[in-house]
Amino acid sequence: MTPTEVTLLWIPLGAGARVVRLNGKVYEALTALRERRTRQDLYHSALEVCVPDGRFVIEMTPMPDRRGASRGVVGEGAVATRWAGHLRIFRYEIRRWRDGVIPDAAAAVASIRITDDVDRSRRILDLVPSVPTPVWGRDELRAGEMWNSNSLTSWLLSRAGVDTDRARLPPNGRAPGWTSGLVVARRQQR
């Protein structure tokens, strides 16, 4: 029997893609300048959920092809702009992938056990298909910051009743979008 556990991975932004890493550094440099603070390391989050029924990975990623069912895709949305969202390169997918892989998991700088409660773990899995899918990188939901993979993770944890304070970032780290997921989850719980 598989032990019950939800693990949060903090993966450096762009760990497997040079373009994403460069764009992230430019974004953080401009944001730090605007906010008059020092630059921080940016992180992308993903979840691994083990329940007695099996092991699942949950992640928001670019859409590599139209064969999403093989990767457990349960949702998708546009990237950067809604009007370009009909093109695959401007789409993201949300995966709840049984026995799946997180391509950049080996690059994770932190792996945090978030909960071992079976009901909360199953609730996370049940919630994945209902996660909001606004345009990635925009604040369409008026939550105060962009929606992205970190929003997905924080939204799922919050909606499942998991203590999100346990999701501590590595030192000098920042997870843009995290607060957005929490804000939207709180609104929906009211």
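Residues numbered from 1 in each chain as written. Predicted model: local features only at pLDDT ≥ 70, side-chain atom pairs only at ≥ 80, totals over all residues. Heavy atoms only, no water.

Notes on helix H4 (residues 178-189)
Right, on to step 1. Counted at 1.5 Å a residue, the expected span for H4 with its 12 residues is 16 Å, and the 17 Å between its end C-alpha atoms agrees.
Right, on to step 2. Those residues of H4 that are buried are in contact with strand E1 (5-12), strand E2 (41-51) and helix H3 (149-159). (Helix = DSSP H or I, 4+ residues; strand = E, 2+ residues; numbered from the N terminus. Expected span 1.5 Å × (residues − 1). Contact = heavy atoms within 4.5 Å.)

Looking at the packing of helix H2 (residues 118-127) against H3
Right, on to step 1. Where H2 meets H3, the axes come as close as 9 Å, and the angle between the chain directions of the two elements is 130°. Classified by the angle between their axes, H2 and H3 sit oblique to one another. Relative to H3, the crossing made by H2 is right-handed. Of H3, the residues touching H2 (which contributes Arg-123, Ile-124 and Leu-127) are Trp-155, Leu-156, Leu-157 and Arg-159.
Right, on to step 2. Per-class residue counts for the contact of H2 with H3 are 5 nonpolar, no polar and 2 charged. (Axes fitted to C-alpha atoms, helices over the stretch in contact; angles between N-to-C directions. Parallel < 35°, antiparallel > 145°, perpendicular 65-115°, else oblique. Left-handed = near helix turned anticlockwise from the far one by under 90°. Nonpolar A, V, L, I, M, F, W, Y, C, P; charged D, E, K, R; others polar.)

Describing the nonpolar core
Right, on to step 1. Grouped together as the largest cluster of nonpolar side chains are 35 residues, with contacts concentrated most on Trp-10, Ile-58, Ile-124 and Leu-156.
Right, on to step 2. Among the elements of the structure, E1, E2, strand E3 (54-62), strand E5 (91-98), strand E6 (110-115), H2, H3 and H4 are those that each provide at least two residues to this core.
Right, on to step 3. In this structure Ile-58 touches Ala-46, Leu-47, Val-49, Arg-95, Arg-96, Ile-124, Leu-125, Val-128, Leu-152 and Leu-156, once residues within four positions along its chain are discounted.
Right, on to step 4. In terms of nonpolar packing, the next biggest core, distinct from the first, is built from 6 residues, Ala-46, Val-57, Trp-97 and Ile-102 among them. (Core = buried A, V, L, I, M, F, W, Y, C linked by side-chain atoms within 4.5 Å. Buried < 20%, exposed > 50% of the residue type's maximum accessible area, 1.4 Å probe, protein only.)

Quick word on the packing of H3 against H4
Angle between the axes and distance between the axes: these two values describe a pair of packed helices.
Right, on to step 1. Packing of H3 against H4 leaves a shortest axis separation of 7 Å and a crossing angle of 35°. As for how H3 packs across H4, the hand of that crossing is right-handed. Across the interface between the two elements, Asn-150, Ser-151, Thr-153, Ser-154, Trp-155, Leu-157, Ser-158 and Arg-159 from H3 touch Trp-178, Ser-180, Gly-181, Leu-182, Val-184, Ala-185, Gln-188 and Gln-189 from H4.

Focus: the environment of Ala-143
Right, on to step 1. Relative to the assigned elements, Ala-143 resides in the loop between H2 and H3.
Right, on to step 2. Given the relative accessible area of 11%, Ala-143 is considered buried.
Right, on to step 3. Placed 40 residues apart in sequence, Ala-143 and Val-183 show a C-alpha to C-alpha distance of 5.8 Å.
Right, on to step 4. Setting aside its immediate chain neighbours within four residues, Ala-143 contacts Ser-180, Val-183, Val-184 and Arg-187.

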